[in-house]
Amino acid sequence: MPTIDEQVEVLMSNTGYGDEQTREMMRRELKERLIEKDGRPLRVYCGFDPTTSDLHLGHTIPMRKLKQFQEFGHEVIFLIGSFTSLIGDPDGTSARNMLTPEKVAENAQTYAEQAFKILDREKTKVMHNDEWLAPLNFLDIIKLAQTFTVQQFLARENFRNRVEAGTPIYLHEFFYPLMQGYDAAAMQTDVQVGGQDQLFNLMAGRQLMSRLGMKPQIVIAMGESLPGTDGVLKMSKSMGNHIPLLTDALDMFGKVMSIPDAAMPLYFKLLLGWPPSRIKPLENEHPREVKAMLAREIVSIFHPESDPNATQEEWERIFREHGLPDDIANFAVQEGQSVVDILAASGLCGSKGDAKRQIQGGGVRLKGEKVSDINATVSLGDLPAVLQVGKRKFVQLVAG
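Model, not experiment: these values are computed from the prediction. Numbers given for residues are sequential positions, taken from 1 along each chain in its written order. With the structure being a predicted model, the display of local features is reserved for residues of pLDDT at least 70 and the display and counting of side-chain atom pairs for 80 or more, all residues being used for whole-chain, interface and lining totals. Side-chain numbers come from the whole structure's heavy atoms, not from hydrogens or water.

Each aromatic pair joins two rings of Phe, Tyr and Trp (for Trp, the six-membered one) with centres within 6.5 Å, and gets the label stacked for planes under 30 degrees apart, edge-to-face for over 60, and tilted for any other angle. A full pass over the atoms with the stated rule returns seven aromatic pairs. Measuring from centroid to centroid gives 5.4 Å for Phe-153 and Phe-200, while their planes differ by 70 degrees, and the two rings are edge-to-face. Of this pair, Phe-153 sits in helix H8 (residues 150-154) while Phe-200 sits in helix H11 (residues 199-211), and the two are 47 residues apart along the sequence. Throughout this description, buried means an accessible area under 20% of the type-specific maximum (1.4 Å probe, protein chains only), exposed means over 50%, and partly exposed covers the range between. Judged by its relative accessible area of 6%, Phe-153 falls in the buried class. With a relative accessible area of 25%, Phe-200 lands in the partly exposed category. Ring geometry for Phe-159 and Phe-174: centres 5.1 Å apart, planes at 85 degrees, overall edge-to-face. Helix numbers and strand numbers start at the N terminus; a helix is a DSSP run of H or I with at least 4 residues, a strand a run of E with at least 2.

Okay, the sheet that holds strand E6 (residues 330-333) next. Pairs of strands are assigned from DSSP output, requiring at least two bridges between the strands. Sheet architecture is open: five strands sit in the order E6-E10-E9-E7-E8, paired in mixed fashion. Each end of this open sheet is capped by a strand with a single partner; those strands are E6 and strand E8 (369-370). For strand E7 (residues 364-366) and strand E9 (residues 385-389), the ladder comprises three bridges, and the chain directions are antiparallel. Across the sheet, Leu-366 pairs through a bridge with Leu-387, a residue of E9.

What follows covers H11. Here a helix's expected span is defined as the number of its residues, less one, multiplied by 1.5 Å. Its 13 residues place the ends of H11 19 Å apart at the C-alpha level, agreeing with the 18 Å of an ideal helix rising 1.5 Å per residue. Taken together, the buried positions of H11 are occupied by Leu-199, Asn-201, Leu-202, Ala-204, Gly-205, Arg-206, Leu-208 and Met-209. Following H11 by one or two positions, Gly-213 has its phi on the positive side, about 80 degrees.

Along any regular strand, the residues point their side chains to alternate faces of the sheet. A large share of strand E5 (residues 218-222) lies buried, amounting to five of its five residues. Residues of E5 alternate between two faces, with Ile-218, Ile-220 and Met-222 on one and Val-219 and Ala-221 on the opposite face, all of them buried. For strand E4 (residues 191-195) and E5, the ladder comprises five bridges, and the chain directions are parallel. Opposite Val-191, over in E5, you have Ile-218 as the bridge partner. At this point the chain moves from E4, through H11, to the parallel E5, and the crossover so formed is right-handed. A crossover gets the label right-handed when its path from the first strand over the helix to the second runs clockwise, viewed with the strands pointing away from the viewer.

Tracing the backbone shows Gln-396 in strand E10 (residues 393-399). For Gln-396, a relative accessible area of 11% corresponds to the buried category. Residues count as neighbours in contact if any of their non-hydrogen atoms are within 4.5 Å of one another. Those residues in contact with Gln-396 that lie beyond four places of it in its chain are Ser-258, Ile-328, Ala-329, Asn-330, Phe-331, Pro-384, Ala-385 and Val-386.

Looking now at a nonpolar patch on the surface. A patch consists of residues whose relative accessible area exceeds 30% and which take part in no salt bridge; residues with like charges are grouped when within 9 Å of each other, and nonpolar side chains (Val, Leu, Ile, Met, Phe, Trp, Tyr) when within 5 Å. Only the protein chains shown count as cover for residues, and all accessible areas are computed by the Shrake-Rupley method using a 1.4 Å probe. The working definition used for a salt bridge is a side-chain nitrogen of Lys or Arg within 4 Å of a carboxyl oxygen of Asp or Glu. On the surface, a nonpolar cluster with roughly 340 Å² of combined accessible area is contributed by Phe-138, Leu-139 and Ile-142. Its location among the elements puts Leu-139 in helix H7 (residues 138-145).

So, on to the layout of surface pockets. The rule is simple: put a 1 Å grid over the protein atoms alone, call a set of points where a 1.4 Å probe fits but cannot get out a cavity, call an open set with protein on both sides within 12 Å along at least five of seven lines a pocket, and count a residue as lining if it has an atom within 4 Å of a point. Grid points are joined across faces, edges and corners, and a volume is the space filled by probe spheres set on the points. Computed from the structure, the second largest pocket encloses a volume of approximately 510 Å³. In terms of residue count, helix H12 (residues 249-257) provides more of the lining of the second largest pocket than any other element does, four residues in total. Think of it as three bins: nonpolar holds Ala, Val, Leu, Ile, Met, Phe, Trp, Tyr, Cys and Pro, charged holds Asp, Glu, Lys and Arg, and polar takes everything else, Gly as well. Its residues assigned to classes, the lining of the second largest pocket shows nine nonpolar, six polar and five charged.

It is worth spelling out the nonpolar core at this point. By convention a nonpolar core is built from buried Ala, Val, Leu, Ile, Met, Phe, Trp, Tyr and Cys residues, the set being connected through side-chain atoms within 4.5 Å. Of all hydrophobic cores here, the largest spans 67 residues; its most connected members are Leu-30, Ile-220, Tyr-267 and Ile-298. Per-element accounting of this core gives the leading share, seven residues, to helix H15 (residues 287-302). Leave out the neighbours within four places in its chain, and Tyr-267 touches Leu-226, Pro-227, Gly-228, Thr-229, Met-235, Ile-243, Ile-259, Leu-272, Leu-294 and Ile-298.

Our next topic: unusual backbone geometry. Positive phi is not limited to glycine here, since Asp-38 has a value of about 50 degrees. Among the secondary structure elements, Asp-38 is positioned in the loop between helix H2 (20-37) and strand E1 (43-48). The exposed category is assigned to Asp-38, whose relative accessible area is 67%. Despite not being glycine, Gln-188 has its phi angle at roughly 55 degrees, a positive value. On the secondary structure map, Gln-188 appears in the loop between helix H10 (175-187) and E4. Taking the relative accessible area as the measure of exposure, Gln-188 reaches 56% and is therefore exposed.

What follows is the structure in structure tokens.
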């Protein structure tokens, strides 16, 4: 069994809190809690909101941290946000559309099975937070709300951005951090794992537990996020730049091949756990060959039943049959952007007028299908996708 110091070193790796003082405080509290437990397991959790039916590769980063806790013999809870997802975590632009309980239940059906691609099925406890959040009455919520001030919430970056932009903030959005904080109290957890972008919510759990007379949980905030297929923005379902865990091996391989070269080191580090000493020499290799190796490794993790080499051969065969070059440039697009605008902006056509003529003449294909409507638009959920004009002009569309 690893020593406490060895556990702390591993469990605090790839964490980030925005300042070293907070990180050192979490490191110290983690060591103290391990000493206090004297060999008994810590109770550790991470929550995932089923706002869609897909978990994606970005979600596996905190799952890998949960897996490390499992390997050290600690109790891990995979929490499905069956109640928090009704509201959704507020973002920096607008209020999220509220989901119905029926839609949330539908989305959550396969969440546990997806998580077991990383977590040990036999050592993972699956829980749903509607078990303790749904029974709360209005007085309960008022008492919990006494823990926080409006100033604290408005200082949160997402809310602050909307205040500065003059975008409405609805009262119910303040309930989300309150509910997530109550998860920790209800489960009496020792540790919560989450992304650094969730730090406000993670720390809210500590504050609420303290007010309720409980020992506050330790926060393990992941320091780096996995970029999406655009290579810039954090992988996100709402941005459409994600690689779903439920997608088939061929599609997963192709989506990994679509990421920009500059994003590859983070994929090797965060998804495969490779150290810098193993990643650095890859800079001397051909980027396409390195990316193909990355794609094979990822496919082998999430589709162990498939042959990654056969998947690569099938992907390359499809590209050859469609006459697609190996090094298609990426072009970032927005949700609902028109094909005509994309053709002109990407340089595939000389102008919007030229783009309309090419479409009307049958010379434009998207994902291999002919585009016949000059008003056609692109959905981020269908990306990445190859846009083609004639036989020799191509770009690969990615979420921007």
